[in-house]
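# Fold and contact review
Each chain, letter by letter, is given below.
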Amino acid sequence: QVQLVESGGGLVQPGGSLRLSCAASGSIFSIYAMGWYHQAPGKQRELVAVITRGGSTAYADSVEGRFTISRDNAKNTVYLQMNSLKPEDTDVYYCNADLETMRGTRMDYWGKGTLVTVSS
């Protein structure tokens, strides 16, 4: 069984920073892309940033230049460094991993989400 566990969310003032982490564990053969998504109540889940196993990255326009995604393949962990946070960044952030299990099944896995609140 595969689990993705996020950490690092919380309350931060506008202009502040947070670092989210997501560790994947379980019967994992290989992890391909890993990413972060956000979802506000009543809205669809949207991509924030994604990183390939080789380190190529892509960002939503709204976070380009403020957020940085990185990963540690040895630890099956992806990070999201969030700087210059704005109130509109307030959302639940979900970790995603495109991975293959030891049984040969390849699919997307999701974490349960971590809440980021940007408020003074």
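Details of the structure are given in the entry above.
Figured I'd write up the structure that's included with this text. (Residues numbered from 1 in each chain as written. Predicted model: local features only at pLDDT ≥ 70, side-chain atom pairs only at ≥ 80, totals over all residues. Heavy atoms only, no water.)

This paragraph deals with the sheet that holds strand 7 (residues 67-72). Here four strands make up an open sheet; going across it, the order is 1-3-8-7 and the pairing antiparallel. The sheet is open, and its two borders are formed by strand 1 (2-7) and strand 7, each paired with just one other strand. Shown here is a sheet whose adjacent strand axes are inclined to one another by a mean of 15°, direction ignored. Two elements, strand 1 and strand 3 (residues 18-26), share six bridges in a ladder whose sense is antiparallel. Opposite Gln-3, over in strand 3, you have Ser-25 as the bridge partner. (Pairing = 2+ DSSP bridges. Helix = DSSP H or I, 4+ residues; strand = E, 2+ residues; numbered from the N terminus. Axes fitted to C-alpha atoms, helices over the stretch in contact; angles between N-to-C directions.)

Here we come to the packing of aromatic side chains. Taken as a whole and assessed by the stated rule, the structure comprises one aromatic pair. For Arg-45, the ring lying beneath its charged end belongs to Tyr-94, and the centroid distance is 3.7 Å. Taking the ring centre of Trp-110 as reference, the NZ or CZ of Arg-45 above it sits at 4.7 Å. (Phe/Tyr/Trp six-rings, centres within 6.5 Å; stacked < 30°, edge-to-face > 60°. Lys NZ or Arg CZ within 6 Å of the ring centre and 35° of its normal.)

Below, the discussion takes up the pattern of salt bridges. The full count for this structure, using the stated rule, is two salt bridges. With a shortest N-O distance of 2.8 Å, Asp-89 and Arg-66 are connected by a salt bridge. Of this pair, Asp-89 sits in the loop between strand 8 (77-82) and strand 9 (91-101) while Arg-66 sits in the loop between strand 6 (57-59) and strand 7, and the two are 23 residues apart along the sequence. Of the two residues examined, Asp-89 and Arg-66, each falls in the buried class. Asp-98 serves as the salt-bridge partner of Arg-106, at 2.8 Å between the closest nitrogen and oxygen. Classification of Arg-106 by relative accessible area gives partly exposed; the value is 48%. Of the residues examined, Asp-98 reaches a relative accessible area of 18% and is grouped as buried. (Salt bridge = Lys/Arg side-chain N within 4 Å of Asp/Glu carboxyl O. Buried < 20%, exposed > 50% of the residue type's maximum accessible area, 1.4 Å probe, protein only.)

Formed by 30 residues in total, the largest nonpolar core has its most connected members in Trp-36, Leu-80, Met-82 and Tyr-93. Every element with two or more residues in this core is listed here: strand 1, strand 3, strand 4 (28-39), strand 5 (46-51), strand 7, strand 8, strand 9 and strand 11 (114-118). Setting aside its immediate chain neighbours within four residues, Met-82 contacts Gly-16, Ser-17, Leu-18, Leu-20, Arg-66, Phe-67, Tyr-93 and Val-116. (Core = buried A, V, L, I, M, F, W, Y, C linked by side-chain atoms within 4.5 Å. Contact = heavy atoms within 4.5 Å.)

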